[in-house]
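Observations on chain architecture
In case you want the letters, here they are:
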Amino acid sequence: MLAPGSRAPEFTLPDQDGRDRSLTSLLGDGPLILYFYPADFTPGCTAEACTLRDLHTDIQHAGLRVVGISPQSCESHKRFAQKYGLKYTLLADPGKTVIKMYDVDGPLGIAVRRVTYLIDQSRIVQNAVLADFRISRHEEFVRKAVELRNAAS
């Protein structure tokens, strides 16, 4: 995975509505919580997505945005977002191009590692967490990012 202090690679992927989104455009409104997850509708990924949904107001008030990336299609992401009331962007990476750029491809190219990055507006990775099966570590990571942003303002 990318190390803190490294520059996040630029990318463009379609969102759940089929609109192309670049990293630069996503960073236009402030720092970004960029999380990678294996698949829509799986128990672990649903729990993680719903945790971020439940924290979304706090995340926004801290001046942060959330974007999720997985290999499923735009249509799958749209159904996932609608079913669980997700208010943030999901990006489709079926070719795993960005997943590989961010070094979160699973062992032997199978699946996707569950990784969350905090990226500032200069595209610098401020922090990151890898916790494949420990979803609570991602929640702790996001809560800490929110707390630090609120303390700085």
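Residues numbered from 1 in each chain as written. Predicted model: local features only at pLDDT ≥ 70, side-chain atom pairs only at ≥ 80, totals over all residues. Heavy atoms only, no water.

A word on helix H2 (residues 43–61)
- In this model, H2 (19 residues) spans 28 Å end to end at C-alpha, consistent with the 27 Å of a helix rising 1.5 Å per residue.
- Leu55 marks the point of greatest bend in H2, at about 55°.
- Here H2 has its buried residues at Cys45, Thr46, Glu48, Ala49, Cys50, Leu52, Leu55, His56 and Ile59.
- Buried residues belonging to H2 abut strand E3 (32–36), strand E4 (65–70), helix H3 (74–84), strand E6 (115–119) and helix H5 (135–152).
- Where H2 ends, the next residue or the one after it, Gly63, has phi of about 80°, a positive value. (Helix = DSSP H or I, 4+ residues; strand = E, 2+ residues; numbered from the N terminus. Expected span 1.5 Å × (residues − 1). Bend = angle between axes of the 7 residues up to and from the residue. Buried < 20%, exposed > 50% of the residue type's maximum accessible area, 1.4 Å probe, protein only. Contact = heavy atoms within 4.5 Å.)

Focus: the pattern of salt bridges
- On inspection of all chains with the given rule, the structure shows 10 salt bridges.
- The residue Arg53 makes a salt bridge to Asp54 at a minimum N-O spacing of 2.9 Å.
- What makes Asp54 exposed here is its relative accessible area of 54%.
- If you follow the salt bridges from partner to partner, you end up with Asp15, Asp17, Arg19, Arg21 and Lys78 in one network. (Salt bridge = Lys/Arg side-chain N within 4 Å of Asp/Glu carboxyl O.)

A word on the packing of aromatic side chains
- Taken as a whole and judged by the stated rule, the model has 10 aromatic pairs.
- Aromatic pair Phe80 and Tyr84: ring centres 5.5 Å apart, planes at 70°, arrangement edge-to-face. Within this pair, Phe80 and its partner Tyr84 are both found in helix H3, separated by four residues, close to a single helical turn.
- Using a relative accessible area of 0% as the deciding quantity, one classes Phe80 as buried.
- Each residue in the set Tyr35, Tyr37, Phe41, Phe80, Tyr84 and Tyr88 is aromatic and connected to the rest through ring pairs, giving one cluster. (Phe/Tyr/Trp six-rings, centres within 6.5 Å; stacked < 30°, edge-to-face > 60°.)

Digging into the sheet that holds strand E5 (residues 89–92)
- Spatially, five strands are ordered E5-E4-E3-E6-E7 in an open sheet, and the strand pairing comes out mixed. Each edge of the sheet is formed by a strand with only one pairing partner; in this case those strands are E5 and strand E7 (125–130). Across the sheet, the mean angle separating the axes of adjacent strands is 20° when strand polarity is ignored. (Pairing = 2+ DSSP bridges. Axes fitted to C-alpha atoms, helices over the stretch in contact; angles between N-to-C directions.)

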